[in-house]
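# Remarks on the overall topology
If you want the building blocks of each chain, they are given just below.
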Amino acid sequence: MGDSFGSAWWQGYATRLRRIAAARDPLALMPLDQTLAALGRTAETYEGLRKVPVDGVVGSLARAEDFDRLFRPRNRALRDRWRAIADAVGELPPVRLVRLGDMYFVEDGHHRIALARARGAEAVLAEVRSVCTVAFAMRCLTLADLPSKRAERMFLERVPLADADRTDLWLDDPADWFRLADSAEAWGFRQTLRGRVLRDRAELARAWWHEEVRPVVERVRNRESVAAPREIAVYVSYGLDHV
């Protein structure tokens, strides 16, 4: 029976399995709602009509299961719509996209993006609105990265680094972000015990980054003579426990 408990349970179980599989799939199209939930929304602006690099379009507002990250169709039911657009005469209308950092998500025009990719186009004309986020949205993000980015967003809410210092943040283990936030707040507390006035969290974050993190990173790099990819990774590896 379609309305039986067993049937409903198996449908839910199959859905969970698909989500687990999708989270491990580096070619899964990024869903906007899950990405925003992880990164945190702060503000929105309208950027207007402009050219957008096709390879920057890696997500969707509502059709993440119909295409993969390269906008190859995963649903055979899309065949007729694909052909109709492919056979259309004249210039296709602009697509509508939402931008988070380096990532673009399709609001309208999934087939047009798919055809642009299939035809080897480097850019598409798009109407773009931009959503600012707490944690920076890098183009390379996959579903598997969202737990770490969610932890990064929670770290930045406690230690609000300047925008210029946020673009290169990356840690694989979500637990490292919580250790880092505790360390920054403890550093700030020690400063206040010495009589220093830190007026707010932004001032604490700026002072901690420039007076604690960067000097430690510089000492470690000079000592180890090995160039690490990111300052924050160097500090977590050496600054929290060894310096």
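The following paragraphs examine the structure supplied in this document.

Let us look at the overall build of the chain. Secondary structure summary: the chain contains 9 helices and 6 strands in total. The 243 residues of the chain split such that 40% are buried. The contacts of the chain with a sequence gap of at least 6 include a subset with a gap of at least 24, amounting to 71%. Carbon and sulfur atoms provide 52% of the accessible area of the chain, an area that totals close to 13,600 Å².

On to helix α2 (residues 32–39). Every buried residue of α2 is accounted for by Leu-32, Thr-35, Leu-36, Ala-38 and Leu-39. Angular distribution of buried residues about the axis of α2 spans 160°; they occupy a single face of the element. Once α2 ends, the next one or two residues include Gly-40, with phi positive near 85°.

One pair of aromatic rings is described through two measures. These are the centre distance and the angle between the planes. Evaluation of the coordinates by the stated rule reveals 5 aromatic pairs. Note on Phe-67 and Phe-71: the rings are 5.7 Å apart at their centroids and 35° apart in plane angle, and the pair reads as tilted. Classification of Phe-67 by relative accessible area gives buried; the value is 0%. Put simply, the rings of Phe-155, Trp-177, Trp-208, Trp-209 and Tyr-235 pair up and form one aromatic cluster.

Tracing the sequence through the fold places Thr-35 in helix α2. For Thr-35, a relative accessible area of 0% translates into the label buried. One polar contact links the side chain of Thr-35 to the main-chain carbonyl oxygen of Pro-31, over a distance of 2.8 Å.

Another aspect to go through is the packing of α2 against helix α5 (residues 146–158). Relative orientation of the contacting elements α2 and α5 amounts to 40°, with a least axis distance of 7 Å. Residues Gln-34, Thr-35, Ala-37, Ala-38 and Leu-39 of α2 pack against Leu-146, Lys-149, Arg-150 and Arg-153 of α5. Of the residues that constitute the contact of α2 with α5, the class distribution is 4 nonpolar, 2 polar and 3 charged.

To continue, consider the sheet that holds strand β3 (residues 57–60). The 6 strands are arranged β1-β3-β5-β4-β6-β2 in an open sheet whose pairing can be described as mixed. With one partner strand each, in any of the chains shown, β1 (30–31) and β2 (41–53) form the two edges of the open sheet.

Attention shifts here to the packing of α5 against helix α7 (residues 174–193). Helix packing geometry: the angle between the two helix axes and the distance between the axes. Two elements in contact, α5 and α7, have axes whose closest approach is 8 Å; the angle formed by their N-to-C orientations is 10°. Here α5 is positioned roughly parallel relative to α7, judged by the angle of their axes. Across the interface between the two elements, Pro-147, Ser-148, Ala-151, Glu-152, Met-154, Phe-155 and Arg-158 of α5 pack against Pro-174, Trp-177, Phe-178, Leu-180, Ala-181, Asp-182 and Glu-185 of α7. Classifying every residue of the contact of α5 with α7 gives 9 nonpolar, 1 polar and 4 charged.

The subject of this paragraph is the environment of Asp-176. Relative to the elements of secondary structure, Asp-176 occurs in helix α7. Along the chain, Asp-176 and Glu-152 lie 24 residues apart, while their C-alpha atoms are 9.1 Å from each other. The residues touching Asp-176, leaving out its near neighbours within four places in the chain, are Leu-171 and Val-236.

Here we come to the side chain of His-111. Structurally, the position occupied by His-111 is in helix α4 (residues 110–118). Filtering out sequence-adjacent residues up to four positions away, His-111 remains in contact with Arg-63, Phe-67, Leu-78, Arg-81, Trp-82 and Ile-85.

Before going further, it helps to examine α5. Between its first and last C-alpha atoms α5 spans 19 Å; for 13 residues at 1.5 Å apiece the expected length is 18 Å, and the two agree. All of the buried residues in α5 are Leu-146, Ser-148, Lys-149, Ala-151, Glu-152, Arg-153, Phe-155 and Leu-156.

Right, let's get into unusual backbone geometry. In this structure, Phe-71 is a non-glycine residue whose phi angle is positive, near 60°. Note that Phe-71 resides in the loop between β3 and α3 (79–86).

Here we come to the nonpolar core. Formed by 46 residues in total, the largest nonpolar core has its most connected members in Leu-100, Phe-155, Leu-161, Leu-180 and Trp-208. Counting residues per element, this core draws most heavily on helix α8 (residues 201–224), at 9 residues. Ignoring any residue separated from it by four or fewer positions in sequence, one finds Leu-100 in contact with Leu-32, Thr-35, Leu-36, Leu-39, Phe-105, Val-131, Thr-133 and Ala-137. Grouped together as the second largest cluster of nonpolar side chains are 18 residues, Val-57, Val-106, Ala-114 and Val-128 included.

What counts as what
- Residues numbered from 1 in each chain as written.
- Predicted model: local features only at pLDDT ≥ 70, side-chain atom pairs only at ≥ 80, totals over all residues.
- Heavy atoms only, no water.
- Helix = DSSP H or I, 4+ residues; strand = E, 2+ residues; numbered from the N terminus.
- Buried < 20%, exposed > 50% of the residue type's maximum accessible area, 1.4 Å probe, protein only.
- Contact = heavy atoms within 4.5 Å.
- Areas by Shrake-Rupley, 256 points an atom, 1.4 Å probe, with all protein chains shown as cover.
- Arc of directions from axis to C-beta.
- Phe/Tyr/Trp six-rings, centres within 6.5 Å; stacked < 30°, edge-to-face > 60°.
- Polar contact = N/O pair within 3.5 Å; in protein donor to acceptor, adjacent residues only side chain to side chain.
- Axes fitted to C-alpha atoms, helices over the stretch in contact; angles between N-to-C directions.
- Nonpolar A, V, L, I, M, F, W, Y, C, P; charged D, E, K, R; others polar.
- Pairing = 2+ DSSP bridges.
- Parallel < 35°, antiparallel > 145°, perpendicular 65-115°, else oblique.
- Expected span 1.5 Å × (residues − 1).
- Core = buried A, V, L, I, M, F, W, Y, C linked by side-chain atoms within 4.5 Å.

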